[in-house]
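An overview of the molecular structure
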Amino acid sequence: MTDSKYFTTTKKGEIFELKAELNSDKKEKKKEAVKKVIASMTVGKDVSALFPDVVNCMQTDNLELKKLVYLYLMNYAKSQPDMAIMAVNTFVKDCEDPNPLIRALAVRTMGCIRVDKITEYLCEPLRKCLKDEDPYVRKTAAVCVAKLHDINAQLVEDQGFLDTLKDLISDSNPMVVANAVAALSEIAESHPSSNLLDLNPQSINKLLTALNECTEWGQIFILDCLANYTPKDDREAQSICERVTPRLSHANSAVVLSAVKVLMKFMEMLSKDLDYYGTLLKKLAPPLVTLLSAEPELQYVALRNINLIVQKRPEILKHEMKVFFVKYNDPIYVKLEKLDIMIRLASQANIAQVLAELKEYATEVDVDFVRKAVRAIGRCAIKVEQSAERCVSTLLDLIQTKVNYVVQEAIVVIKDIFRKYPNKYESVIATLCENLDSLDEPEARAAMIWIVGEYAERIDNADELLESFLEGFHDESTQVQLQLLTAIVKLFLKKPTETQELVQQVLSLATQDSDNPDLRDRGYIYWRLLSTDPVAAKEVVLAEKPLISEETDLIEPTLLDELICYIGTLASVYHKPPSAFVEGGRGVVHKSLPPRTASNESTESPETAPAGAPSGEQPDVIPSQGDLLGDLLNLDLGPPVSGPPLATSSVQMGAVDLLGGGLDSLIGAPNFVTPPAATAPANLGAPMGSGLSDLFDLTSGVGALSGSYVAPKAIWLPAMKAKGLEILGTFTRQVGSISMDLQLTNKALQVMTDFAIQFNRNSFGLAPAAPLQVHAPLSPNQTVELSLPLSTVGSVMKMEPLNNLQVAVKNNIDVFYFSTLYPLHILFVEDGKMDRQVFLATWKDIPNENEAQFQIRDCPLNAEAVSSRLQSSNIFTVAKRTVEGQDMLYQSLKLTNGIWVLAELRIQPGNPSFTPRSCP
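Here the structure is a predicted model, which is why all the values come from computation and not from measurement.

Some thoughts on the overall build of the chain
- Within the chain one finds 38 helices and 13 strands.
- Here the chain, with 920 residues, has 52% of them falling under the buried criterion.
- In the chain, the proportion of contacts linking residues at least 24 apart, taken out of those at least 6 apart, comes to 67%.
- Per element, the accessible surface of the chain, about 42600 Å² overall, is 51% carbon and sulfur.

Written out as structure tokens, the structure reads:
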């Protein structure tokens, strides 16, 4: 007879009977009683009254009975904490039992009893089990530490369990290593700043060794841990990839996805020129394809992850299009996901095959799938230009089927094709107009109205067509009403004499008879434009429209990089970061891909080269100090240019790799707001435009009386260029630290959040040393001041001018770009005073072509004051002498990249002009 008999009884007075049986002398009767208690507990009956009687049964050698009692304890210990203390002695005793199964059972149960009163009693048994001779006990104790940390974190730290856990990573048994990694990862997630998993090449090697012998869950823990490690160079990344690759052939899909995650992360560091890079791409495809032969639920998870992988690296699966073809018995959620991936993989090479499939899908019976298939044909036309004609022809064939929902979807996508390829396929408009009466969906009606309005001059009866829509204006959806209003205004501007009555009618309906504020506002704008300045109205309403992008539904690059780090988790299925669906802050750590190595940067395409670099050439990365000397000499170190600030103009800088070295994640192909190439950026405060004279200026600058000179804040990004975000800023250097002091003002009508900042590669490797911390949402008309610490260890690229800095600032509204010039003196280091003998020898060896001479005017300081002022900005006076009534100051400074600059400063007492001569 099975144990199901224990769940069938409904006797009254059962508690008293069980109490008697639990205290029986017969072992079998006692075991039966405990089983009945567990059965009652399982079905929801309250058997907590039997707590002392069940605890008494712990004193037994029978493993099955002990497991049952421990199960009861875990369930009721929280409601009976005082009684639970009775079990402590038994735990301690069981932790020293000769049987490792009982020792492990005791330590597992200890971890599951979430009662503060008894945790301190369990520390000693846990410590012994962590160093137990049996690996089964050690691996169980490792997980127990994580559970105990959840109950009382301070206790675990005080008792040194975390250090013991770290030692277990070096354990000889792979399962112990895996559980130690799992426990440390769990603890690290709840305390992101603790840096518990301090991984280094030695510990990574141990994890990779254990990886081959672990159970599948152990392998997942280790692979997830590896994914959080950033190799020191591309060679180490390749070595790890080589040892992880065999996991791709594992039977468990979770292990495969975890291995894919590690490889996708570390491929970021590999150069595309490497033979191994191509080999790795080929190895990644088969396991992903194999995942698609599993049951539908697993297929869906695999497809959602493949969708991310294809967006990041489409070359992995570019030859595997056929596996994404839909099968007749696929569930709808799998069909739709396959369709999405097919479009992402569509290219000139496979477009004929894809279109044939999509045309077939458009005749299916599933309406949602047919709609998606028709839209997919339109997306293919937009993505692959060579296929556009064939796609339009396919869509026209589908329109001829006269199936209502097919016709409507086709009209919606043809509108997008018109936007992408203007003046190319307008011959099909007549066919579209024939189907006007069958349109009943708002999106299709709006699309058709847009087509009629946009091409009104080509449609003889355009006014009649639009008038037919106008008859039921108030019954239309807002989308159709707005489109109809704009279309009739376009028609009026193209054929004013024939449609005056029609436009007055629609403006009257929109402004006087409508309750919709959007519609009413648009109507008033059009009315006032038409009545006051028809020419301006024409320029606004009939303006040339930008071409629509190829992929409108791609995931934003920053988010995509983060989701790649979460492959194989819920985040990769939802396509949302964990912070979007995990309540509270616990366990949510923002992850990002490792930075690309220098070798990988060299493979960037011409499209991502900064402006000024000739197409097909790589940007000049500074190879040596020598290349900078000429640029340092050519910098404007003279007095400020008189006259008003230069007006900033909007200049396209091409597809600048603003966030070079793998940081092109904020948004693709940015447009910088920069001044013309021949001028210095406008409104940049005083950076280098006013040069050394700033350092002597007594009247301006924050640090005029003590410390390094600080230019007053200037507008770097005006609100009108950044959708209401105004940025003022300046640069400072204090006690060896460089900062960018910013003032952010929200001049928009909506709250601004999620601020981030990135720098493009620059001449001296300036980069943010910390995230941009705007701690609270920036409300309208609110201003916040903050200081962003900078480092000089970022990627290096020679800029023009040398001290040009290109910046991207992101918030919840958009990404904004600007450039500014930083003052060179923030790069002068504190140990820049050269020894006098070394100075003399170096000065004599400097060739004449390395010298630059210029004048600083209107500076009423004497030699002592000048020397003091310059020293506060780390320009040190090495020697001083007087020659023919002139004070000669010999000075040295050192830049953060190690370049020395020697200078001679001539000061004529009573003359406010100085003549510096500098030699880098």
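Some details on the packing of helix α28 (residues 478–494) against helix α29 (residues 500–511)
- At a minimum axis distance of 9 Å, the contact between α28 and α29 shows a crossing angle of 155°. Relative to α29, α28 is oriented roughly antiparallel. Note that α28 runs across α29; the crossing there is left-handed. Residues L485, I488, V489, L491 and F492 of α28 touch α29, and the partners they reach there are Q500, L502, V503, V506, L507 and A510.
- Looking at side-chain class alone, the contact of α28 with α29 contains 10 nonpolar, one polar and no charged residues.

A closer look at unusual backbone geometry
- Residue E800 is joined to P801 through a cis peptide bond whose omega torsion reads -5°.
- By secondary structure assignment, the location of P801 is in the loop between β6 (783–791) and β7 (804–810).
- A positive phi angle, near 55°, is found at D754, a position not held by glycine.
- Following the sequence through the fold, D754 ends up in the loop between β3 (737–746) and β4 (756–759).
- One non-glycine residue, N781, lies in positive phi territory at about 65°.
- With respect to the helices and strands, the residue N781 is situated in the loop between β5 (767–768) and β6.
- Note on N781: relative accessible area 68%, which makes it exposed.

A few points about the sheet that holds β6
- One open sheet accounts for five strands, arranged β1-β2-β3-β6-β5; its pairing is antiparallel. Because the sheet does not close on itself, it has two edges, and the strands there are β1 (714–717) and β5.
- Bridging between β1 and strand β2 (residues 725–734) involves three bridges; their strand directions are antiparallel. Residue pairing across strands places I715 opposite L728, the latter belonging to β2.

Focus on the sheet that holds strand β8 (residues 815–821)
- With antiparallel pairing, the three strands of this open sheet are ordered in space as β4-β7-β8. Both edges of this open sheet fall to β4 and β8, since each of them pairs with a single strand only. The mean inter-strand angle of the sheet, taken between neighbouring strand axes irrespective of direction, is 25°.
- In terms of strand pairing, β4 meets β7 through four bridges, oriented antiparallel. Bridging from a neighbouring strand, F759 pairs with V807 of β7.

Structural notes on the packing of aromatic side chains
- This structure, assessed with the given rule, holds 13 aromatic pairs.
- Ring geometry for F839 against W843: centres 5.7 Å apart, planes inclined by 15°, an arrangement best described as stacked. With F839 and W843 both in helix α37 (residues 836–845), this residue pair falls four residues apart, about one helical turn. W843 carries the same exposure label as F839, and that label is buried.
- Taken together, W716, F731, F764, F818 and Y822 form an aromatic cluster joined through their ring pairs.

Looking at the packing of helix α22 (residues 367–383) against helix α23 (residues 388–399)
- It is the contact of α22 with α23, at a shortest axis distance of 8 Å, that shows an interaxial angle of 160°. It follows that α22 is roughly antiparallel to α23 by the angle criterion. Between α22 and α23 the crossing geometry is left-handed. Across from V374, I377, C380 and A381 in α22, the residues of α23 making contact are A388, C391, T394, L395 and L398.
- Considered class by class, the residues forming the contact of α22 with α23 number eight nonpolar, one polar and no charged.

Brief notes about the pairing of strand β11 (residues 886–894)
- The buried fraction of β11 amounts to eight of the nine residues, a majority that puts the element mostly inside the structure.
- Bridge analysis of strand β10 (residues 876–883) against β11 gives seven bridges, and the strand direction is antiparallel. Its bridge partner being in β11, T877 is matched across the sheet by Q891.
- In this structure, the hairpin formed by β10 and β11 is closed by a connection of two residues, where E884 is found at a positive phi of approximately 50°.
- Bridging between β11 and strand β12 (residues 900–907) involves eight bridges; their strand directions are antiparallel. Looking at the pairing, M888 lines up with R906 of β12.
- From the end of β11 to the start of β12, which pair antiparallel, there are five residues, and G898 there has a positive phi angle of about 90°.

What counts, and at which threshold
- Residues numbered from 1 in each chain as written.
- Predicted model: local features only at pLDDT ≥ 70, side-chain atom pairs only at ≥ 80, totals over all residues.
- Heavy atoms only, no water.
- Helix = DSSP H or I, 4+ residues; strand = E, 2+ residues; numbered from the N terminus.
- Buried < 20%, exposed > 50% of the residue type's maximum accessible area, 1.4 Å probe, protein only.
- Contact = heavy atoms within 4.5 Å.
- Areas by Shrake-Rupley, 256 points an atom, 1.4 Å probe, with all protein chains shown as cover.
- Axes fitted to C-alpha atoms, helices over the stretch in contact; angles between N-to-C directions.
- Parallel < 35°, antiparallel > 145°, perpendicular 65-115°, else oblique.
- Left-handed = near helix turned anticlockwise from the far one by under 90°.
- Nonpolar A, V, L, I, M, F, W, Y, C, P; charged D, E, K, R; others polar.
- Pairing = 2+ DSSP bridges.
- Phe/Tyr/Trp six-rings, centres within 6.5 Å; stacked < 30°, edge-to-face > 60°.

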